[in-house]
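Summary of the model geometry
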Amino acid sequence: MKKFAKKIAFFLAIGLLLGEIIARMFFLTSSIPTRKIDEFGIQRYIPNQEGYSKGGSHKWYINEKGWPGKLPESYDKLVTVIGDSFIENFMNPEECHQMNYLKKALPEFNYTEASRSGVSFIEALEISKQLDSLNPRVQLIYINETDFTESIQQIRRLSDITQIDLGKKEIVYGKMKAPGVKKILYSWKFIFYLYRRFQGSLTLPKPKETAETPKKPISDYFDHFGDLIDYGKQNYNLDKIVVVLRPDTDEEFSSFLKSQDLNVIQLDDSADDDWSFEYDHHWTCYGHEQAARQVAEYLKKL
């Protein structure tokens, strides 16, 4: 029995080793950069990392500030680009970032991005406060309505996302979930591939919504959103902030934000809705280019 167990362990070890070699050679998974929580409570990436996308078609870079992409040569006439995974944009080559398309459209400005998967609207405001020291002309925050609902604890508590407790008027900073386990998982490419490959079957199915528990209309949250915006007006420089709403944003939510005297750009893909990947809702290079063109038209008027 011991000999049999040793043989099983031996072949398992060989299989894992070969799997790891194959996973690395053929880039079966994307590299995932390591995060940290900075002195302001913001989750950002550890500086000066780089890695490959799935398939190895291109590399991503984390700059010395802990954000994806390259830093500008100058901070004069600066426009900041803040957002979640849409702006982080690891799925596209470096040249397809929003700031690069904006630079082509309006070269008289300089641009820098501050982005990370899971950034909520309130965390984007916190990031904008840190970037105020660079004296930007404009701070662009790319969101949709989900980034608002995820910002508010009274709607739903999310421990790994930065939120605001509207009752206490306090920011509750997100915590990283199992950072040690994730570091091992991301480093072990073959195991990470198996995890992603069979993740759906390992997760318990969520209960389906029934007629008795319908999804709430977005207007039910407008009182909370109004309180969040009031907090923003008191604690952040909203005059410099422009909210860029993705094309899939709820129209009623978009109208509400405009009624609150915020600077709003509503992106529109109705003329050509082929902005996203077939297998994913994130924008392709083409989608980023079209978004940047619309934002540039707004910036020209400032």
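What counts as what
- Residues numbered from 1 in each chain as written.
- Predicted model: local features only at pLDDT ≥ 70, side-chain atom pairs only at ≥ 80, totals over all residues.
- Heavy atoms only, no water.
- Helix = DSSP H or I, 4+ residues; strand = E, 2+ residues; numbered from the N terminus.
- Buried < 20%, exposed > 50% of the residue type's maximum accessible area, 1.4 Å probe, protein only.
- Contact = heavy atoms within 4.5 Å.
- Areas by Shrake-Rupley, 256 points an atom, 1.4 Å probe, with all protein chains shown as cover.
- Core = buried A, V, L, I, M, F, W, Y, C linked by side-chain atoms within 4.5 Å.
- pLDDT = per-residue confidence, 0-100.
- Phe/Tyr/Trp six-rings, centres within 6.5 Å; stacked < 30°, edge-to-face > 60°.
- Lys NZ or Arg CZ within 6 Å of the ring centre and 35° of its normal.
- Pairing = 2+ DSSP bridges.
- Axes fitted to C-alpha atoms, helices over the stretch in contact; angles between N-to-C directions.
- Disulfide = S-S within 2.5 Å.
- Polar contact = N/O pair within 3.5 Å; in protein donor to acceptor, adjacent residues only side chain to side chain.

Before going further, it helps to spend a moment on the overall build of the protein chain. Scanning the protein chain from terminus to terminus reveals eleven helices and eleven strands. Here the protein chain holds 302 residues, and 44% of them are scored as buried. For the protein chain, contacts bridging at least 24 residues in sequence account for 62% of all contacts bridging at least 6. Accessible area of the protein chain: about 17000 Å², with a carbon and sulfur share of 54%.

In this section: the nonpolar core. Membership of the largest hydrophobic core comes to 35 residues, with the highest contact counts inside it found for F148, F225 and L257. At the level of secondary structure, the elements contributing two or more residues to this core comprise α4 (121–131), β7 (138–143), α9 (222–235), β10 (241–245) and α10 (251–259). In this structure, F225 is in contact with F148, T149, I152, I155, I218, F253 and F256, ignoring residues within four places of it in sequence. Counting residues in each nonpolar core, the second largest holds 25 residues, with V79, C96, W275 and V295 among its members.

Below, the discussion takes up the confidence of the model for the protein chain. With 77% of its residues at a pLDDT of 70 or more, the protein chain has an overall mean of 86. Low pLDDT, under 50, characterises residues 201–213; the predicted model gives this stretch one contact beyond four residues in sequence or across chains.

We now examine the packing of aromatic side chains. In total, this model carries 14 aromatic pairs according to the counting rule given. Between W275 and W283, the aromatic rings sit 5.7 Å apart at their centres with planes inclined by 80°, giving edge-to-face as the arrangement. You can call W283 buried: its relative accessible area is 3%. Cluster of aromatic residues (ring-pair linked, three or more members): F121, F148, Y221, F222, F225, F253 and F256. Here the guanidinium or amino end of K70 rests over the ring plane of Y61, the centre of that ring lying 4.8 Å away.

The parallel open sheet is built from five strands, whose spatial order is β6-β5-β7-β10-β11. Of all strands in the sheet, those with a lone pairing partner are β6 (110–115) and β11 (263–266), marking the two edges. For this sheet the average axis-to-axis angle between neighbouring strands, irrespective of direction, equals 25°. In terms of strand pairing, strand β5 (residues 78–83) meets β7 through four bridges, oriented parallel. Bridge pairing links V79 to V138 in β7. Its contacts with the sheet put helix α3 (residues 98–105) on β5, β6 and β7, and the angle it makes with β6 is roughly 165°.

Let us look at the state of the cysteines. Enumeration over the complete set of coordinates arrives at one disulfide. In this model C96 forms its disulfide with C285; the gap between the sulfur atoms is 2.0 Å. Because the torsion about its S-S bond is 90°, the bridge between C96 and C285 counts as right-handed. Here C96 is found in the loop between α2 (85–88) and α3, whereas its partner C285 is found in helix α11 (residues 285–300), with 189 residues between them in sequence.

Mapped onto the secondary structure, Q49 falls in the loop between β2 (43–45) and β3 (50–52). There is a polar contact of 2.7 Å between the side chain of Q49 and the backbone oxygen of I46. Among all residues touching Q49, those that are not within four sequence positions of it are P33, T34, W60, Y61 and I62.

Moving on: the environment of D239. Mapping D239 onto the fold places it in the loop between α9 and β10. Assessed through its relative accessible area of 71%, D239 is described here as exposed. Counting along the chain gives 22 residues from D239 to D261, while the straight-line C-alpha distance between them is 9.7 Å.

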